[in-house]
Amino acid sequence: MTYQRIAVVGAGAWGAALANVAARAGRSVVLIARDDTAAAAIRAAGASPHLPDVALDPAIAIATGAAAAAEADAVLLVVPAQAHGAVAATLAPVLRPGTPVVACAKGIERGTRRFMTEVIAGSLPAATPAILSGPSFAADVARGLPTAVTLAAVDEAVATALAHSLGTTTLRPYHATDTRGVEIGGAAKNVLAIAVGIVRGRRLGASAQAALTTRGFAELMRFGRAYGARAETLTGLSGLGDLILTCSSRQSRNFSLGVAIGEGLSPAEARHSGLLAEGAFTAPVLVEMARERDVDMPIAGAVAAVLDGRLSVDQAIEALMTRPFRAEH
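Just so it is clear, the model here is predicted, and its values are computed rather than measured.

What's the story with unusual backbone geometry in this structure? I'm lost.
Positioned with a positive phi, Arg 113 is a non-glycine residue whose angle comes to about 60°. Structurally, the position occupied by Arg 113 is in the loop between β5 (100-103) and α4 (116-123). The class for Arg 113 is partly exposed, based on a relative accessible area of 27%. Phi is positive for Asp 294, which is not a glycine, with a value near 55°. Tracing the sequence through the fold places Asp 294 in the loop between α13 (278-292) and α14 (298-307). Relative accessible area serves as the criterion here: at 73%, Asp 294 is assigned to the exposed category.

The structure is reproduced here in structure tokens:
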């Protein structure tokens, strides 16, 4: 089974990158922009304005509106996590039953506390939800630099077919059935990357960054186990792999948001500087969900407290460093 016709909904940097991937894989691709003005700008430039230095494959069709996805064999939903539900709902009248819809954002929906495949299932009950996640920056993927990700669906045949349909010599998707584990890895690592970014911005040293990344991963593992994720997923590309990447590069919006806060900007000032970081939306939801199941997540809790102004950066660091001594495991 091969999904030949791919619709990519969302023409930002990640949408443009994935459209290029699908075109390189030999698929027929339509990239769906938010409106006619955005579509015209993409056609004129031959690139997404969010990724202007990387040309789109000329075979990619540029369109607007849900109707452009009507003939798709599979849909990649590449919009911010908090917009997944609303955008998915617009596709309901046009998609054929059973069409795979792949969430390509990393987060948890605020208010409902739903993971991305749950959001898709709620808005598109006739679709087959899937999730794509892993250590990947849009610019690297768009340029064809070597990258590996995880692509998960509950139905293993669907996950395998999607991986084969999107895989190229430079993008290697590993297929999986643990959608929840993939979702948790992507959502939690964004929050933890803000914490590590704050440490970088405060110039607390590489040792502190390594310690925080490691202890953050322990929190991710505890949360994942509480919500039914498989350990091998959390230690794989979409968990540990993505955490390592996101906690080490200014290309990460979450890490960069943390750096800005660590350097002295208030959370509001950092957000208004153009750093749209999914982790800022996910942090309070993650902490609420952890509390519900008695999962200890002090780093995520500190991030949430800093973002909403309950703690200063220095107070958060002091709170973490003065916790009671305990065994590592």
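What is the right way to read the sheet that holds strand β6 (residues 128-133) from this model?
Consider a sheet: its strands pair through backbone hydrogen bonds, and that pairing is either parallel or antiparallel. Spatially, eight strands are ordered β3-β2-β1-β4-β5-β6-β7-β8 in an open sheet, and the strand pairing comes out mixed. Because the sheet does not close on itself, it has two edges, and the strands there are β3 (61-64) and β8 (171-176). This sheet shows a mean twist of 25° between the axes of neighbouring strands, independent of strand direction. For β6 and strand β7 (residues 147-152), the ladder comprises three bridges, and the chain directions are antiparallel. Paired with Ser 133 across the strands is Thr 150, a residue of β7. Contacts from helix α7 (residues 179-201) reach β6 and β7 within the one sheet, and its direction differs from that of β6 by about 40°.

When you look at the packing of aromatic side chains in this model, what are you seeing that I'm missing?
Any pair of aromatic rings gets described here by the distance separating the centres and the angle formed by the planes. Under the counting rule described, the total for this entry stands at one aromatic pair. For Arg 293, the ring lying beneath its charged end belongs to Tyr 227, and the centroid distance is 3.9 Å.

Can you help me understand the pattern of salt bridges in this one?
Here the idea is simple: oppositely charged side chains can pair when their charged atoms come close. Scanning all chains against the criterion turns up 13 salt bridges. Notably, a salt bridge pairs Arg 5 with Asp 73, separated by 3.1 Å at the nearest N-O pair. With Arg 5 in strand β1 (residues 5-9) and Asp 73 in the loop between β3 and β4 (74-77), this pair connects stretches of sequence that are 68 residues apart. Under the relative-accessibility criterion, Arg 5 is labelled partly exposed at 35%. With relative accessibility at 16%, the residue Asp 73 sits in the buried group.

Help me understand the domain arrangement of the protein chain, please; the structure alone is not making it clear to me.
Interfaces are often sized by the accessible area lost when the parts come together. Taken domain by domain, the protein chain consists of domain 1 (5-177) and domain 2 (187-322). On a C-alpha basis, the centres of domain 1 and domain 2 stand 26 Å from each other. With 22 residues of domain 1 at the interface, the matching set in domain 2 holds 22 residues. Of the roughly 1,900 Å² buried where domain 1 meets domain 2, counting both sides, 63% is carbon and sulfur surface. For domain 1, the biggest contributors to the area lost against domain 2 are Lys 106, Arg 113 and Phe 137; these three give 36% of the whole.

Teacher, can you tell me more about the UniProt feature "binding site: sn-glycerol 3-phosphate" (unreviewed entry) in the protein chain here?
In the numbering used here, UniProt assigns the "binding site: sn-glycerol 3-phosphate" (unreviewed entry) feature to Lys 106, Gly 134, Ser 136, Lys 189, Asp 242, Ser 252, Arg 253 and Asn 254. Here Lys 189 shows up in helix α7. Given a relative accessible area of 5%, Lys 189 falls into the buried group. In this structure Lys 189 touches Lys 106, Leu 220, Asp 242, Leu 243 and Thr 246, once residues within four positions along its chain are discounted. With respect to the helices and strands, the residue Asn 254 is situated in helix α11 (residues 253-262). Its relative accessible area of 6% is what places Asn 254 among the buried residues. Beyond its immediate sequence surroundings of up to four residues, Asn 254 is in contact with Asn 190, Ala 193, Ile 194, Ala 277, Glu 278, Gly 279 and Ala 280.

Please explain helix α1 (residues 13-24) as it appears in this structure.
Between the first and last C-alpha of α1 there are 17 Å, a value that for 12 residues agrees with the 16 Å anticipated at 1.5 Å per step. Burial within α1 is extensive, with 11 of its 12 residues counted as buried. Inspection of α1 places Ala 13, Trp 14, Gly 15, Ala 16, Ala 17, Leu 18, Ala 19, Asn 20, Val 21, Ala 22 and Ala 23 among the buried residues, and these make up the whole buried set. Just beyond α1, the residue with positive phi is Gly 26, at close to 90°.

Can you walk me through the environment of Leu 18 in this structure?
For Leu 18, the location among the structural elements is in helix α1. In sequence terms Leu 18 and Cys 104 are 86 residues apart; their C-alpha atoms lie 9.4 Å from each other. Each residue touching Leu 18, except ones within four places of it in the same chain, is listed here: Leu 76, Val 78 and Cys 104.

What am I meant to see in α7 here?
Three or four residues apart is the spacing at which side chains of an α-helix point the same way, because the helix has 3.6 residues per turn. For α7, spanning 23 residues, the distance from its first C-alpha to its last is 33 Å, which sits close to the expected 33 Å at 1.5 Å a residue. For α7, the buried fraction is high: 21 of the 23 residues fall into the buried class. Where α7 terminates, the next one or two residues include Arg 203, which has phi positive at roughly 55°.

Just checking my understanding: could you explain the side chain of Thr 179 for this structure?
Summarising the element assignment, Thr 179 is placed in helix α7. In this view, Thr 179 contacts Thr 117, Ile 131, Ala 152, Ala 153 and Val 154; residues no more than four positions away in its chain are not counted.

Scoring rules and cut-offs
- Residues numbered from 1 in each chain as written.
- Predicted model: local features only at pLDDT ≥ 70, side-chain atom pairs only at ≥ 80, totals over all residues.
- Heavy atoms only, no water.
- Helix = DSSP H or I, 4+ residues; strand = E, 2+ residues; numbered from the N terminus.
- Buried < 20%, exposed > 50% of the residue type's maximum accessible area, 1.4 Å probe, protein only.
- Pairing = 2+ DSSP bridges.
- Axes fitted to C-alpha atoms, helices over the stretch in contact; angles between N-to-C directions.
- Contact = heavy atoms within 4.5 Å.
- Phe/Tyr/Trp six-rings, centres within 6.5 Å; stacked < 30°, edge-to-face > 60°.
- Lys NZ or Arg CZ within 6 Å of the ring centre and 35° of its normal.
- Salt bridge = Lys/Arg side-chain N within 4 Å of Asp/Glu carboxyl O.
- Domains from an automatic or database assignment.
- Buried area = accessible area lost by both parts, 1.4 Å probe.
- UniProt positions renumbered as here; feature names shortened; annotations may be inferred.
- Expected span 1.5 Å × (residues − 1).

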